[in-house]
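Examination of the molecular architecture
One-letter residues, chain by chain:
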Amino acid sequence: MTTAHSEAELPHLAALARHFADLRDGTHGEGGDTLTRQGKERHFERAVELLHPYAVQVLQEFDAALLLNTGEVTASGVRRTSDGGLGAEWTLSWPEQRAAGIAPITLLAFYGRGFHHPHLRGATVHDWPLNVFTPEQAAAEVPTLRAIATGDLHNLVFQRDYRIVPAVVRAGQ
């Protein structure tokens, strides 16, 4: 049984569809209005501005819940990267992490010089923990499952191209 969902109900899928439509159409921006690198960089700068309070909020949640308010949240703002692209990062560092000589928790927005459009990532994101023992705990994993599926599909498109996603191909016809 297929159920139609609105963009508000499944924002992760709407964002992924916009991402793939950019690839299909060679554009970027609301309504695919931007073709130039300069215009896309302006969109990136605005995206970082819009993301800032939420990135800080998420890191502060980690600090309060897991680091007992010993952490320090920092934000770089938008800056040029070594490849000539743009990047912005929000980090959460804390004494034990620094003493261990490992990277802080990192949320990174980046628009590499050779990229068609920007991306998000973490410093070490590869695996999520799975400690589910009740139906309630399973239901609480829905956002994690969404993030994993979204990343997986994005990576599959990156391995080939947007044409592996039928909805994006049909929308462009």
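Parameters at a glance
Residues numbered from 1 in each chain as written. Predicted model: local features only at pLDDT ≥ 70, side-chain atom pairs only at ≥ 80, totals over all residues. Heavy atoms only, no water. Helix = DSSP H or I, 4+ residues; strand = E, 2+ residues; numbered from the N terminus. Contact = heavy atoms within 4.5 Å. Patch = residues over 30% accessible without salt bridge, like charges linked within 9 Å, V, L, I, M, F, W, Y side chains within 5 Å. Areas by Shrake-Rupley, 256 points an atom, 1.4 Å probe, with all protein chains shown as cover. Salt bridge = Lys/Arg side-chain N within 4 Å of Asp/Glu carboxyl O. Buried < 20%, exposed > 50% of the residue type's maximum accessible area, 1.4 Å probe, protein only. Polar contact = N/O pair within 3.5 Å; in protein donor to acceptor, adjacent residues only side chain to side chain.

Note that His19 resides in helix H1 (residues 11-25). When near neighbours in sequence (up to four residues on either side) are disregarded, His19 contacts His117, Pro118, His119 and His154.

This part is about a nonpolar patch on the surface. Judged by side-chain polarity, Val125, Trp128, Leu145 and Ile148 come together as a nonpolar surface patch covering roughly 370 Å² of accessible area. Secondary-structure assignment places Ile148 in helix H5 (residues 142-159).

This part takes up the environment of Leu145. Summarising the element assignment, Leu145 is placed in helix H5. A sequence separation of 116 residues divides Leu145 from Gly29, and the C-alpha atoms of the two residues are 27 Å apart.

Counting through the fold element by element, His154 comes out in helix H5. For His154, a relative accessible area of 17% puts it in the buried group. For His154, the side chain forms a polar contact with the side chain of His119, separated by 2.9 Å. When near neighbours in sequence (up to four residues on either side) are disregarded, His154 contacts Leu16, His19, Phe20 and His119.

Geometric values such as these leave the question of function open.
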